[in-house]
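Examining the three-dimensional arrangement
One-letter residues, chain by chain:
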Amino acid sequence: MEITVLGAGRCVTGSKYLLQWKRHSALVDCGLFQGPAELRRRNWAPLPHPAGELGAVLITHAHIDHSGYLPRLCRQGFSGPVYCTPPTLELLRVLLPDAANIQEEEARYANRRGYSKHQPALPLFRMADAMAALRLLEPVPFSSWRELHPGVRFRYSRQGHILGAAAIELDTKGREGDRKAIFFSGDVGRYGVPILRDPEPYPGSDVLFVESTYGDRRHPTSDPRAALVEEIRAGLSRGGVIVIPAFAVDRTQELLYLLHEAVVEGELPAIPTWLDSPMGIEATALYSRARAEHDAEMRQYFAEGANPIFPPNLGVTPTSSESRKLNDLRGPAIIISASGMATGGRILHHLKLRLPDPANTVLFVGYQAQGTKGRRLVDGEKEVRIHGEWVPVRAAVRQLGGLSAHADADELIAWLSRRSSEPATVCVVHGEYEVQQAFAARLSEEFGWRPQIPDLGDVIVV
Ligand SMILES: [Zn+2]
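Since the model is a prediction, treat every value here as computed from it, not as a measurement. (Residues numbered from 1 in each chain as written. Predicted model: local features only at pLDDT ≥ 70, side-chain atom pairs only at ≥ 80, totals over all residues. Heavy atoms only, no water.)

**Comments concerning unusual backbone geometry**
Look at the link from G331 to P332: it is a cis peptide, with omega at 0 degrees. Here P332 is to be found in the loop between α10 (320–325) and β15 (333–337). A cis amide bond links A338 with the next residue in sequence, S339, at an omega value of 10 degrees. Structurally, S339 can be placed in the loop between β15 and α11 (347–354). The phi angle at R10 is positive, at roughly 60 degrees, despite the residue not being glycine. Relative to the assigned elements, R10 resides in the loop between β1 (2–5) and β2 (16–21). Classification of R10 as partly exposed rests on a relative accessible area of 31%. (Helix = DSSP H or I, 4+ residues; strand = E, 2+ residues; numbered from the N terminus. Buried < 20%, exposed > 50% of the residue type's maximum accessible area, 1.4 Å probe, protein only.)

Quick look at the structure:
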């Protein structure tokens, strides 16, 4: 078998691995490149293999950098099954149409403003392409083997990174009947975080593709709830509204959980809280319903008839008229809305309204990428441009660390340490190149491995 790295090679996005054996082929993950323009340009290129000849696509989890190229693949004639875990299927039904909306809106906006080099500006894919991709989804339960082709089968193991996130173990039979196991980590989650079950450890394989997003870093060991409580108390003392920009999937649910836990522990009053994100509301419902994915504490809450991510003090505003009513809201109150880095979505309306008043608080959760409005605010800019208007920043702008959906370097090492066999080939993927080098060095130090860091287009022969 030949495995060509078509994404997440010396970068963190665009995850795509082309598997070819005999006259057959399949894709593991089908992600969009995100971030710098020179990477995003790659999203326009056709797959370097006829899409119509691909037998199947295996998705590890619903994040767009692992699934967002599916609509484009369908446009290129792919019609085979797209395998994913059942919760990933549910999330993709929310995320892919949303991604199509964003694409179509951006193209319309570019055409109105005439700022695109390409005339007219086109969306990367349309709603119809997203719908075509959704029709191909086929759920495969965790832990059960599924035959891809005689002699080639795969199964999913839970990785706790987001709802439904999985690693893929591929089992292939060679000409002489010898078997080879190829393991794709997907994105690995963290141990002991709320809501979802812990990642299942790496079992050992002949070939290993391991992610390395935080391969050179250690997450802060401080309790994220304590830090959150401190920020919320400071926000309450300012007297205004606390606005929290948060990713709709996973981060929002973790925040809701921690806020509720703080109420249960008597650390905070039950502050009126509003979830103002249609995708966040749907994702919260999916996280609530996915009982099989809940960890012991989450199950305990449900056994007692409580839902910690949908507590009585939480209100939701799915429609835009309900969302607009939040403009009259006075503190103390919390508004959670997307996007997490204030790059678009309803959060912009709240920021425009709340930033000029020093009684209000804007609390960012987690990393803010260079060039985003979130980053400019966290960096202390006194004025930001929202919807074409300059808005003075007088509200307190705060940032909370410690919440991450990715394992850090130590957690990845712990995750790899319970294997029952040694991999002969190790590929470090899904990381910035310097981070990957640091993580590869750590792997050789700890385990005596000789990891490769494949670049885009590199081929690994199994
Ligand atoms: Zn991910």
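**With respect to the sheet that holds strand β4 (residues 56–58)**
Taken in spatial order, the seven strands line up as β6-β5-β4-β3-β2-β1-β21 in an open sheet, and their pairing is mixed. Strand pairing shows two members of the sheet lacking a second neighbour, β6 (137–139) and β21 (459–461), which therefore form its edges. In this sheet, adjacent strand axes meet at a mean angle of 25 degrees when their direction is disregarded. When β4 meets strand β5 (residues 82–84), the two strands line up parallel, connected through two bridges. Pairing of V57 across the sheet is with V82, part of β5. Relative to the sheet, helix α4 (residues 86–113) contacts β5 and β6, its axis offset from that of β6 by approximately 150 degrees. (Pairing = 2+ DSSP bridges. Axes fitted to C-alpha atoms, helices over the stretch in contact; angles between N-to-C directions. Contact = heavy atoms within 4.5 Å.)

**Considering the nonpolar core**
Counting 102 residues, the largest nonpolar core has L58, L73, L148, Y156, F209 and I232 as the members making the most contacts within it. The dominant element in this core, judged by the number of residues it contributes, is α4, at eight residues. Among residues more than four places away in sequence, those in contact with I232 are I242, I244, L259, L268, I271, I334 and L363. (Core = buried A, V, L, I, M, F, W, Y, C linked by side-chain atoms within 4.5 Å.)

**Brief notes about the packing of aromatic side chains**
Summed over the entire model, instances satisfying the criterion amount to 10 aromatic pairs. When the ring of F183 is compared with that of Y202, the centres are 5.2 Å apart and the planes differ by 70 degrees; the resulting orientation is edge-to-face. You can see F183 sitting in strand β10 (residues 179–184) and its partner Y202 sitting in the loop between β10 and β11 (207–211), a full 19 residues away along the chain. Of the two residues examined, F183 and Y202, each falls in the buried class. Taking 4.8 Å as the distance between ring centres and 45 degrees as the angle between the ring planes, the aromatic pair formed by F447 and W449 counts as tilted. Directly above the ring of Y69 sits K16, whose terminal nitrogen or CZ lies 4.7 Å from the centroid. Geometry around F142 places R158 over its ring, the cationic atom sitting 4.2 Å from the centre. (Phe/Tyr/Trp six-rings, centres within 6.5 Å; stacked < 30°, edge-to-face > 60°. Lys NZ or Arg CZ within 6 Å of the ring centre and 35° of its normal.)

**Quick notes on the coordination of the zinc ion**
At the metal site, the zinc ion is ligated by H61 (NE2), H63 (ND1), H161 (NE2) and D187 (OD), and these contacts range over 2.1 to 2.3 Å. Classification of the site at the zinc ion rests on its four donor atoms, whose angles at the metal span 90 to 168 degrees, yielding the label irregular. Mapping the donors of the zinc ion onto the primary sequence yields the spacing H-x1-H-x97-H-x25-D. Taken together, the residues span a long stretch of sequence, with H61 in the loop between β4 and α2 (64–67) and D187 in the loop between β10 and β11 at a distance of 126 residues. Both residues of the pair, H61 and D187, count as buried. (Donors = N, O, S within 2.8 Å, 3.2 Å for Na, K, Ca; no water. Tetrahedral: all angles 85-135°; square planar, octahedral: opposite > 155°, others 65-115°.)

By themselves, these figures tell us nothing about what the structure is for.
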